[in-house]
Amino acid sequence: MADTRKWLIKELGPICVADPDILTDYVMALLRNNKRTAMESESFFISSLKDFLNEGTEAFVKKLIRNVGHSVSDGDKKSRGEQTERRGGDAQGG
């Protein structure tokens, strides 16, 4: 989860109109509490973040789902890398 948080702060900093630390906490909460499918998640994240990210919202959400997934859990130790490996991608994203 620390890697996810660092990635979020790095990505959100240049594009958000809010404090990136606070918005990162918000996105982490959205990810932790998300029970939607990947397809439903994209729409949900876009509608939840559009007021903060404006025209950068869709690009960010696509990158978020590609690099992090559509949900995380507090006990999620290596799932980001394991999920990416299962998808055939690279765990660092890019």
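Residues numbered from 1 in each chain as written. Predicted model: local features only at pLDDT ≥ 70, side-chain atom pairs only at ≥ 80, totals over all residues. Heavy atoms only, no water.

K.L.:
So what's going on with the pattern of salt bridges? Which residues, and what values?
P.N.:
Here the structure, examined in full by the defined rule, presents three salt bridges. Measuring nitrogen to oxygen at the nearest pair gives 3.0 Å for the salt bridge that ties lysine 63 to glutamate 11. Linking lysine 63 in helix 4 (residues 57-67) with glutamate 11 in helix 1 (residues 2-12), this pair joins segments that are 52 residues apart in sequence. Since its relative accessible area comes to 15%, glutamate 11 is described here as buried. Its salt-bridge partner being glutamate 42, residue lysine 62 comes within 2.9 Å of it at the nearest N-O pair. Of this pair, lysine 62 sits in helix 4 while glutamate 42 is found in helix 3 (residues 38-53), placing the two residues 20 residues apart along the sequence. Taking relative accessible area as the criterion, lysine 62 reaches 43% and is therefore assigned partly exposed. Accessibility expressed as a relative area gives 25% for glutamate 42, which makes it partly exposed. (Salt bridge = Lys/Arg side-chain N within 4 Å of Asp/Glu carboxyl O. Helix = DSSP H or I, 4+ residues; strand = E, 2+ residues; numbered from the N terminus. Buried < 20%, exposed > 50% of the residue type's maximum accessible area, 1.4 Å probe, protein only.)

K.L.:
I'd like a rundown of helix 2 (residues 20-33), residues and numbers included.
P.N.:
For helix 2, with 14 residues, the first-to-last C-alpha span of 20 Å sits near the 20 Å given by 1.5 Å per residue. Taken as a whole, helix 2 has its buried residues at Leu23, Thr24, Val27, Met28, Leu30 and Leu31. One side of helix 2 holds all its buried residues, which, seen down the axis, span an arc of 160°. Looking at helix 2, the residues exposed on the side facing more than 90 degrees away from the buried face are Ile22 and Asn33. Looking at the packing, one finds that the buried side of helix 2 touches helix 1, helix 3 and helix 4. For helix 2, the N-terminal cap is aspartate 19; the gap from its side-chain oxygen to the backbone nitrogen of aspartate 21 is 2.7 Å. (Expected span 1.5 Å × (residues − 1). Arc of directions from axis to C-beta. Contact = heavy atoms within 4.5 Å. Polar contact = N/O pair within 3.5 Å; in protein donor to acceptor, adjacent residues only side chain to side chain.)

K.L.:
Go over the packing of helix 1 against helix 2, please, and point to the residues and values.
P.N.:
In contact at an axis separation of 9 Å, helix 1 and helix 2 are set at 130° when each is read in the N-to-C sense. On the basis of the axis angle, helix 1 is oblique to helix 2. Once helix 1 is placed against helix 2, the crossing between them reads as right-handed. Judged by residue contacts, Thr4, Arg5, Leu8, Ile9 and Leu12 of helix 1 engage Pro20, Asp21, Leu23, Thr24, Asp25, Val27, Met28 and Leu31 from helix 2. Its residues assigned to classes, the contact of helix 1 with helix 2 comprises eight nonpolar, two polar and three charged. (Axes fitted to C-alpha atoms, helices over the stretch in contact; angles between N-to-C directions. Parallel < 35°, antiparallel > 145°, perpendicular 65-115°, else oblique. Left-handed = near helix turned anticlockwise from the far one by under 90°. Nonpolar A, V, L, I, M, F, W, Y, C, P; charged D, E, K, R; others polar.)

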